[in-house]
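This is what each chain is made of:
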Amino acid sequence: METKNYLQDIAHIKIMMSRSSRFMSISGLSGILAGIYALVGAALAYVHLTSYTHSGYQGYDLVSDDLRSTLFFNLLEIALVVLAAALVTGAILTYRKAKKLNEDIWNPVSKRLLANFTVPLITGGLFCLVLLQYDIVGLVAPATLIFYGLALINASKFTVGDIKYLGLANVLIGLVATQFVGYGLYFWALGFGVFHIIYGAIMYRKYDRPTPNPSQRAGN
């Protein structure tokens, strides 16, 4: 009996230490929904591209400057709506999970997590603006994947470690996408859409899904 209590105390101490150094309230369901939003956004972007170029991404260089400007702002609007939807959903679900775990959503660990995530992300955003400035549109999608992946890897030190695998996957396909410039939208959909859904499902199964108590298992 004493041994059992001792092991329970050790497990409790480990949980407390983990919570003091890592923000554990990131929701797997928010990853799934973010992936769905990204796929919807990618589909809408593809529709806009084909309606303007009649040949998808590959025909972008053949579009007049005026149409390019209109197309760019249409795509930017789609991207901002997808980003806003993902952020709002993530914030709501994270708040709900933090409340359930009795974890303060705005604490020193979450602040470090946010800082480590946003620095590579903002750097990548500024780099993408430079690419657009020089009309190197084909590398924007690969760059967003690479810098987003680096942001996830950098932030993984302060949350669930599994998030670094999503980061590594995005960096990898971002590098591959640099060799297939005309197909950046498909890689973008794969990284931000499909990979997010897979990651979110794994996270939900591993950390979020309610586990039946022993009496429920016995009943089954």
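Here, every reference points to the structure presented above.
Residues numbered from 1 in each chain as written. Predicted model: local features only at pLDDT ≥ 70, side-chain atom pairs only at ≥ 80, totals over all residues. Heavy atoms only, no water.

Caption draft 1: Just the overall build of the chain, in detail. When helices and strands are tallied, the chain shows eight helices and zero strands. Its helices and strands taken in sequence order, the chain reads α-α-α-α-α-α-α-α from the N to the C terminus. Taking the intrachain contacts of the chain between residues at least 6 apart in sequence as the baseline, contacts between residues at least 24 apart amount to 75%. Approximately 13300 Å² of the chain is accessible, and the part contributed by carbon and sulfur atoms is 68%. (Helix = DSSP H or I, 4+ residues; strand = E, 2+ residues; numbered from the N terminus. Contact = heavy atoms within 4.5 Å. Areas by Shrake-Rupley, 256 points an atom, 1.4 Å probe, with all protein chains shown as cover.)

Caption draft 2: Fine view of the environment of Ala43. Summarising the element assignment, Ala43 is placed in helix α2 (residues 28-53). Overall, the relative accessible area of 41% leaves Ala43 in the partly exposed class. Measuring from C-alpha to C-alpha, the distance between Ala43 and Leu185 comes to 9.2 Å, with 142 residues separating the pair along the chain. (Buried < 20%, exposed > 50% of the residue type's maximum accessible area, 1.4 Å probe, protein only.)

Caption draft 3: Representation of the environment of Leu44. Position of Leu44 relative to the elements: it lies in helix α2. With relative accessibility at 43%, the residue Leu44 sits in the partly exposed group. Separated by 34 residues in the primary sequence, Leu44 and Ile78 place their C-alpha atoms 7.5 Å from one another.

Caption draft 4: Expanded view of the nonpolar core. By size, the foremost hydrophobic cluster in this structure holds 27 residues, and its most contacted members are Leu113, Trp188, Phe192 and Tyr199. For this core, the elements supplying multiple residues, two or more each, are α2, α4 (108-133), α5 (140-155), α6 (163-177) and α7 (184-208). The leading source of residues in this core is α7, at seven residues. Residues contacting Leu113, with those up to four places away along its chain left out, are Phe23, Ile26, Ala155, Phe158 and Thr159. (Core = buried A, V, L, I, M, F, W, Y, C linked by side-chain atoms within 4.5 Å.)

Caption draft 5: A nonpolar patch on the surface, seen in detail. Taken together, the side chains of Tyr46, Leu172, Val176, Phe180, Tyr183 and Tyr186 make up a nonpolar region of the molecular surface, amounting to roughly 590 Å² of accessible area. Topologically, Tyr186 is positioned in helix α7. Its relative accessible area of 44% is what places Tyr186 among the partly exposed residues. (Patch = residues over 30% accessible without salt bridge, like charges linked within 9 Å, V, L, I, M, F, W, Y side chains within 5 Å. Salt bridge = Lys/Arg side-chain N within 4 Å of Asp/Glu carboxyl O.)

Caption draft 6: Just the packing of aromatic side chains, in detail. Counting across every chain of the model gives eight aromatic pairs. Ring centres 5.7 Å apart and planes at 45° place the aromatic pair Phe127 and Phe147 in the tilted group. Taken as a pair, Phe127 in helix α4 and Phe147 in helix α5 lie far apart in primary sequence, 20 residues in all. By relative accessible area, Phe127 is classed as partly exposed at 39%. Plain terms: the ring middles of Tyr148 and Phe192 are 5.0 Å apart, the flat faces sit at 45° to each other, and that makes the pair tilted. Residue Tyr148 is located in helix α5, and its partner Phe192 is located in helix α7; the two are separated by 44 residues in the primary sequence. (Phe/Tyr/Trp six-rings, centres within 6.5 Å; stacked < 30°, edge-to-face > 60°.)

Caption draft 7: Quick look at the packing of α5 against α6. At a minimum axis separation of 7 Å, α5 and α6 run at an interaxial angle of 160°. Taken together, the axes of α5 and α6 are roughly antiparallel relative to one another. For the crossing formed where α5 meets α6, the hand is left-handed. Residue-level inspection shows Pro142, Leu145, Ile146, Tyr148, Gly149, Leu150, Leu152 and Ile153 of α5 in contact with α6, the latter providing Ile163, Lys164, Leu166, Gly167, Leu168, Asn170, Val171, Ile173, Gly174, Leu175 and Ala177. A class-by-class count of the residues in the contact of α5 with α6 yields 14 nonpolar, four polar and one charged. (Axes fitted to C-alpha atoms, helices over the stretch in contact; angles between N-to-C directions. Parallel < 35°, antiparallel > 145°, perpendicular 65-115°, else oblique. Left-handed = near helix turned anticlockwise from the far one by under 90°. Nonpolar A, V, L, I, M, F, W, Y, C, P; charged D, E, K, R; others polar.)

Caption draft 8: Focus on the pattern of salt bridges. Under the criterion given, the structure shown has one salt bridge. Its salt-bridge partner being Asp162, residue Lys206 comes within 2.9 Å of it at the nearest N-O pair. In this pair, Lys206 is assigned in helix α7 and Asp162 in the loop between α5 and α6, connecting sequence segments 44 residues apart. Owing to a relative accessible area of 17%, Asp162 belongs among the buried residues under this scheme.

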